[in-house]
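# Chain and residue survey
These are the residues of each chain, in order.
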Amino acid sequence: MTESMNALLELGELVVARGRKFCLAPLTIRFANPAIVGLFGHNGAGKTTLLRSLAGLLPPKSGFFRFRGTASPAFLPDAPFIYKFLRVGSVPEVLSGYFDDFDIARAKSIIDDLTLDASKKVGDLSKGMEEQLNLGMALARRSSVYLFDEPLAAVDPVTRDRMLELIKRHKPDDALLIISTHLIAGLESLFDECVVLHDGRLLLRVQVPEMPPGGSLESSIKEAMIHA
Ligand SMILES: Nc1ncnc2c1ncn2[C@@H]1O[C@H](COP(=O)(O)OP(=O)(O)OP(=O)(O)O)[C@@H](O)[C@H]1O
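Residues numbered from 1 in each chain as written. Predicted model: local features only at pLDDT ≥ 70, side-chain atom pairs only at ≥ 80, totals over all residues. Heavy atoms only, no water.

Tallying secondary structure elements over the protein chain gives seven helices and nine strands in all. Projected onto its principal axes, the C-alpha positions of the protein chain cover 50 × 40 × 40 Å. Within the span of the protein chain, comprising 228 residues, buried residues form 47% of the whole. Considering only residue pairs separated by 6 or more positions, the protein chain has 70% of its internal contacts joining residues 24 or more positions apart. Surface accessibility of the protein chain: about 11,100 Å² in total, with carbon and sulfur atoms responsible for 52%. Separation of charge centres in the protein chain, based on 26 positive and 28 negative side chains, amounts to 6 Å. (Helix = DSSP H or I, 4+ residues; strand = E, 2+ residues; numbered from the N terminus. Buried < 20%, exposed > 50% of the residue type's maximum accessible area, 1.4 Å probe, protein only. Contact = heavy atoms within 4.5 Å. Areas by Shrake-Rupley, 256 points an atom, 1.4 Å probe, with all protein chains shown as cover. Lys, Arg positive; Asp, Glu negative; His and termini not counted. Charge placed at Lys NZ, Arg CZ, Asp CG, Glu CD.)

Close to the ligand lie 13 residues; Asn 43, Gly 44, Lys 47, Thr 48 and Thr 49 are nearest. Within the side chain of Arg 18, an N or O atom sits 3.4 Å from a nitrogen atom of the ligand. Between the ligand and Thr 49, the relevant distance is 2.5 Å, taken from an oxygen atom to a side-chain nitrogen or oxygen of the residue. When the free accessible area of the ligand is taken as 640 Å², the share hidden by the protein chains comes to 60%. Considering each element in turn, the shell around the ligand owes the most residues, three residues, to helix 2 (residues 47-54). Taken together, the residues of the shell around the ligand break down into two nonpolar, eight polar and three charged. (Near = heavy atom within 4 Å. Polar contact = N/O pair within 3.5 Å; in protein donor to acceptor, adjacent residues only side chain to side chain. Nonpolar A, V, L, I, M, F, W, Y, C, P; charged D, E, K, R; others polar.)

This next bit is on a nonpolar patch on the surface. A surface patch of nonpolar side chains, amounting to about 380 Å² of accessible area, comprises Tyr 83, Phe 85 and Tyr 98. Among the structural elements, Phe 85 can be located in the loop between strand 5 (74-76) and helix 3 (91-98). (Patch = residues over 30% accessible without salt bridge, like charges linked within 9 Å, V, L, I, M, F, W, Y side chains within 5 Å. Salt bridge = Lys/Arg side-chain N within 4 Å of Asp/Glu carboxyl O.)

With that out of the way, let us pick up the sheet that holds strand 5. As summarised here, the arrangement of the six strands in space is 5-6-7-3-8-9, forming an open sheet in which the pairing is mixed. Since the sheet does not close on itself, it has two edges, and those belong to strand 5 and strand 9 (201-207), each with one partner. The mean inter-strand angle of the sheet, taken between neighbouring strand axes irrespective of direction, is 15 degrees. By the bridge criterion, three bridges tie strand 5 to strand 6 (residues 145-149) in an arrangement that is parallel. Paired with Phe 75 across the strands is Leu 147, a residue of strand 6. (Pairing = 2+ DSSP bridges. Axes fitted to C-alpha atoms, helices over the stretch in contact; angles between N-to-C directions.)

The structure is reproduced here in structure tokens:
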């Protein structure tokens, strides 16, 4: 097997158009190893476009992406995807009908971890609880690639920490997780690497463990974005 075929995710000269004005420039990136990758960039940089395209929801104009084997990615969109009329306790059973790779036992244990009331309707959860449920159910899929679009945008700091714990506990060790976010401070310990987009182009890719001693991830990313 060639090195290239071994990558968990590989993008080759990927171009995705969004509307008439925006285009992800040809993106060539290879994610060889399991990791948690932060996807950064200013509003409109193309983060959602990239993740939706990798999730199979926006066709490439040209170029390619491929996952290792026949894996399909577990995608968490930026708006809740679980029907609000469902009772929390019935969500694992229902989602297992949608996703072949859904792990009902893991989903139930995540719901227990979140101490959510199984008899409540999803629509009656607070916004933060609903976000946690959606994140948890995306993690309950058995995939080698997880794509999470801004899961931490609308939650308070305590809920955010619980969601980070959930990710650390339930992300399979051998999987790649790409998570788009505007938050950098406080998340440094989560990321193995960071990718920054600017106007659809790859502006920066940093391996967090290779940062110079005393170097701040936040200032490196901000510097790159300011001088782009
Ligand atoms: N449905 C759409 N139709 C046309 N253009 C769109 C659509 N959605 C997004 N765009 C455009 O695509 C570009 C990239 O948007 P995208 O949502 O991918 O950026 P983003 O980095 O996720 O931004 P944010 O941080 O604000 O979520 C923007 O110029 C945006 O205006």
